[in-house]
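Here is what each chain is made of, one letter per residue.
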Amino acid sequence: MEKLWERVVRFHGHECPGLAIGFKAALAAKEYLGCDDSEDEEILCISENDACGVDAIQSLLKCTVGKGNLIIRLTGKSVYHFYNRTNGKSIRLSLKSSKTQMDRKNYKKHLLKEDAKELFEVSETNIHLPEKARIFNSVTCEKCGEKTAEHLIRIQNNEKLCLDCFDEYKRFYVEI
Ligand SMILES: [Zn+2]
Ligand SMILES: [Zn+2]
């Protein structure tokens, strides 16, 4: 356990409570999903934040953005969904709010030694298992000449445009 934490800290670059949250979530996911290290793309994570904890998940579960088995769904919540494609198991972990007034160092320590069941609300995921990463055709933008995946192309005046060149049709401007 200590070795694993060291590995995760090396990957992330520093120790922090956020990393400890991701670390505990990843360990709990392994247990709940019944996965071993040989499985690779069979484990998928949807993280609802893009903070420090995601690095622990990348390092421990080998979920990466490039492979398509780490998806950020940015609601900003400390919520993580994990899926095992091999056995169909899935869980949703939601960090419980702590009432304690610990400083960062003690909070990190507390997170590391606390049981995952105490730290997270554990339930079935409420998001369907995403399809496997698709390979898209590339389309060349008719304005800038750069290629992009076809699902990110827009049509404007009968031209195929990338998102940089497309003039977004936005009709509401909110004044604050
Ligand atoms: Zn950090
Ligand atoms: Zn373009």
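My aim in this report is to walk through the structure given alongside it, one point at a time.

Calculation notes
- Residues numbered from 1 in each chain as written.
- Chains lettered and ligands numbered in written order.
- Predicted model: local features only at pLDDT ≥ 70, side-chain atom pairs only at ≥ 80, totals over all residues.
- Heavy atoms only, no water.
- Helix = DSSP H or I, 4+ residues; strand = E, 2+ residues; numbered from the N terminus.
- Buried < 20%, exposed > 50% of the residue type's maximum accessible area, 1.4 Å probe, protein only.
- Pairing = 2+ DSSP bridges.
- Phe/Tyr/Trp six-rings, centres within 6.5 Å; stacked < 30°, edge-to-face > 60°.

1. Examining the environment of Leu-161
Thinking step 1. Structurally, Leu-161 can be placed in strand 9 (residues 159-161).
Thinking step 2. Accessibility expressed as a relative area gives 2% for Leu-161, which makes it buried.
Thinking step 3. Here the alpha-carbon distance between Leu-161 and Glu-142, two residues 19 residues apart in the chain, equals 5.8 Å.

2. Side note on the pairing of strand 4 (residues 90-95)
Thinking step 1. Of all 6 residues that make up strand 4, 5 are buried, and the element is covered over most of its length.
Thinking step 2. Bridging between strand 3 (residues 79-84) and strand 4 involves 5 bridges; their strand directions are antiparallel. Counted as the bridge partner of His-81 is Arg-92 from strand 4.
Thinking step 3. Connecting strand 3 to the next strand, strand 4, in antiparallel fashion are 5 residues, including Gly-88 with a positive phi near 80°.
Thinking step 4. Where strand 4 lies against strand 5 (residues 120-123), 4 bridges are found, and the strand directions are antiparallel. The residue of strand 5 that forms the bridge with Leu-95 is Phe-120.

3. What to know about the packing of aromatic side chains
Thinking step 1. Applying the stated criterion across every chain yields a total of 2 aromatic pairs.
Thinking step 2. Centre to centre, the rings of Trp-5 and Phe-23 are 5.1 Å apart; their planes meet at 70°, and the pair counts as edge-to-face. One end of the pair, Trp-5, is in helix 1 (residues 2-12); the other, Phe-23, is in helix 2 (residues 17-33), and 18 residues separate them in sequence. Like Phe-23, Trp-5 is buried.
Thinking step 3. Plain terms: the ring middles of Tyr-80 and Phe-82 are 6.5 Å apart, the flat faces sit at 25° to each other, and that makes the pair stacked.

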